[in-house]
Amino acid sequence: MNSSSDNTNKELSYIQKVWQTVAIVALLVVVILIARVAFNVLLMILAGVLIAVYFHGFGDLIERKTKLNRRLSMIISVGGSFVFLGTLLWFMGSKMQDQISVLSDSLPNTITAAKVKMDETHTGRKILTYLSGDNSEKLFSTAQQFFSTSFGIMGNLYVIILLAIFFTANPSIYKNGIIMLVPPKNKSLARVAIDRISTALKGWLKGTMLSMVLITLLIATGLTVMGIPGAMVLAMFTGMLKLIPNFGSMAAMIPGVLLALTVSTNTAIIVALIYVISQTIVSNIVTPLIQKRMINLPPALTIISQVIMGTLSGALGIILAVPLLAIIIILVDELYVKKMETEQ
């Protein structure tokens, strides 16, 4: 009897351990899923904050130049920005339809001619072999997954804009609310950290906008000189993708080079060089200005953060990787590094 009772207890104990393990694993999965959703929400909040920073910066400029009151300047800043963005998207959309039509008509023959030329060289044959078969399917599926993830961000755009408008209307209430949550002895530290973060975000935003304008002008000039159709649309598209450091530049080059292929292969090579040279000029002129207004971010750390953020949150993560990295570095510096230095 005792032996039978012991076996029964062992079986119950084993079953309990199994269910406990299943419960722990299930809880971990739930926590990870909640953390990922919460992380995406935090990214949307950060995007709203950045847009609000832009609205306030533009409003300050209007107020200084026109001597209008603060309220009217902010209304012009928000309303004018939306009108300009809507007009820009409409112009790009209408012009891009014509260029897509030209591209779809002439590109197949151009690609066929390019394949014939590449097949004449050893390196070209290797590239064609790599792009054929399973490798081409992998490249296509990767691109398809990237764009499906990227365009999924449009569903969150409405929330981001609403957050930006609320942050713009009364930013002090949110700043003071964060400081109220901090213990009294650390309130001064919280104010310093928030001020540093605000300065860094303003610097990043100004530098990014300067980069967007400069790259747009350079690409527009170069493509116009080369006689590429839709040069202004391609330039504006490149400027918009400048929001994504490093990777946006490579993505912006694709439609320009494809359209150049409809003219000739040599023209496509020159257009690719225009993109590379323009990006180099912007990086060497604007990047130092951004770093002066922000903090010195190591290039390797920036790329690593973009890859990680892109894996976690798609296009929105890639766009916000740099300002998020700056915020993390500032917080680590204020909360840990400076304390360690004072203790030494």
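As the structure is a prediction and not an experimental result, all values here were calculated from the model.

1. Describing the environment of valine 271
Residue placement: valine 271 occurs in helix H10 (residues 265–293). The class for valine 271 is buried, based on a relative accessible area of 0%.

2. A closer look at the side chain of glutamine 279
With respect to the secondary-structure elements, glutamine 279 resides in helix H10. Its relative accessible area of 11% is what places glutamine 279 among the buried residues. Apart from the residues within four sequence positions on either side, glutamine 279 is in contact with Ile215, Thr238, Lys242 and Ser249.

3. Some details on helix H5 (residues 157–169)
Helix length check: H5, at 13 residues, gives a terminal C-alpha distance of 18 Å against a target of 18 Å (1.5 Å per residue), a fit within 8%. For H5, the full list of buried residues reads Ile160, Ala164, Phe167 and Thr168. Angularly, the buried residues of H5 cover 100° about the axis, an arc narrow enough to put them on a single face. Across H5 from its buried face, at more than 90 degrees, point the exposed residues Tyr158 and Ala169.

4. Brief notes about a positive patch on the surface
Taken together, the side chains of Arg64, Lys65, Lys67, Lys202 and Lys206 define a basic patch exposed on the protein surface. Those elements that provide at least two residues to the positive patch are helix H1 (2–66) and helix H7 (187–225). Topologically, arginine 64 is positioned in helix H1. A relative accessible area of 54% means that arginine 64 is categorised as exposed.

5. Here we look at the side chain of serine 77
One can find serine 77 in helix H2 (residues 70–118). Look at serine 77 and you get buried, because its relative accessible area is 0%. Apart from the residues lying within four places of it in its own chain, the contact partners of serine 77 are Phe55, Phe58, Gly59 and Ile62.

6. As for the packing of aromatic side chains
In the structure shown here, the tally under the stated rule is four aromatic pairs. With 5.6 Å between their ring centres and 50° between their planes, tyrosine 54 and phenylalanine 55 make a pair best called tilted. Overall, the relative accessible area of 24% leaves tyrosine 54 in the partly exposed class. The buried category is assigned to phenylalanine 55, whose relative accessible area is 4%. Measuring from centroid to centroid gives 6.0 Å for phenylalanine 55 and phenylalanine 82, while their planes differ by 55°, and the two rings are tilted. With phenylalanine 55 in helix H1 and phenylalanine 82 in helix H2, this pair connects stretches of sequence that are 27 residues apart.

7. A closer look at the nonpolar core
With 25 residues, the main nonpolar core has Leu43, Leu46, Leu50, Leu316 and Leu320 as its most contacted residues. Counting only elements with at least two residues in this core, the list comes to H1, H7 and helix H11 (299–343). A per-element tally of this core places H11 first, with ten residues.

8. Re a nonpolar patch on the surface
Taken together, the side chains of Phe82, Tyr158, Val159, Leu162, Ile165, Phe166, Ile173 and Tyr174 make up a nonpolar region of the molecular surface, amounting to roughly 750 Å² of accessible area. Those elements that provide at least two residues to the nonpolar patch are H5 and helix H6 (171–180). With five residues, H5 is the largest single contributor of residues to the nonpolar patch. Following the sequence through the fold, phenylalanine 166 ends up in helix H5. The class for phenylalanine 166 is partly exposed, based on a relative accessible area of 48%.

9. What to know about the pattern of salt bridges
Tallying each qualifying case throughout the model produces five salt bridges. Here aspartate 195 and lysine 175 are joined by a salt bridge, their closest N and O atoms 3.3 Å apart. With aspartate 195 in helix H7 and lysine 175 in helix H6, the pair connects residues that are 20 residues apart, well separated along the chain. For lysine 175, a relative accessible area of 34% gives the class partly exposed. The partner of glutamate 334 in a salt bridge is arginine 196, with the nearest N and O atoms 2.8 Å apart. One end of the pair, glutamate 334, is in helix H11; the other, arginine 196, is in helix H7, with 138 residues separating them in the sequence. Overall, the relative accessible area of 5% leaves glutamate 334 in the buried class. By sharing partners, the salt bridges in this structure join Asp60, Glu63 and Arg70 into a single network.

Calculation rules
Residue numbers restart at each chain and count upward from 1, following the sequence in its written direction. Reporting in this predicted model follows two pLDDT cut-offs: at least 70 for local features of residues, and 80 or more for side-chain atom pairs to be given and counted; totals over whole chains, interfaces and linings ignore these cut-offs and use all residues. Hydrogens and waters are ignored; side-chain quantities use all the structure's heavy atoms. Helix and strand definitions follow DSSP, with helices as H or I runs of at least four residues and strands as E runs of at least two, each counted in order from the N terminus. Each residue is placed in one exposure class: buried if its accessible area under a 1.4 Å probe, protein chains only, is under 20% of its type's maximum, exposed if it is over 50%, and partly exposed if it falls in between. Any pair of residues with heavy atoms lying within 4.5 Å of one another is described as a contacting pair. Helix span, as expected, comes to 1.5 Å for every residue beyond the first. The arc refers to the directions leading from the helix axis to the C-beta atoms. Two joining distances apply to patches: 9 Å for like charges and 5 Å for nonpolar side chains (Val, Leu, Ile, Met, Phe, Trp, Tyr), and every residue must have over 30% relative accessible area and no salt bridge. We get accessible surface area from the Shrake-Rupley algorithm with a probe of 1.4 Å; when it comes to residues, only the shown protein chains can shield them. For salt bridges, the criterion is a side-chain nitrogen of Lys or Arg within 4 Å of an Asp or Glu carboxyl oxygen. The charge count includes Lys and Arg as positive and Asp and Glu as negative, but it does not include His or the ends of the chains. Charged groups are reduced to one reference atom each: NZ for lysine, CZ for arginine, CG for aspartic acid, CD for glutamic acid. Any two of the Phe, Tyr and Trp rings considered here, Trp counted by its six-membered ring, make a pair once their centres fall within 6.5 Å; the pair's planes then place it as stacked at under 30 degrees, edge-to-face at over 60, or tilted in between. Among the buried residues, those of types Ala, Val, Leu, Ile, Met, Phe, Trp, Tyr and Cys that are joined through side-chain atoms within 4.5 Å form a nonpolar core.

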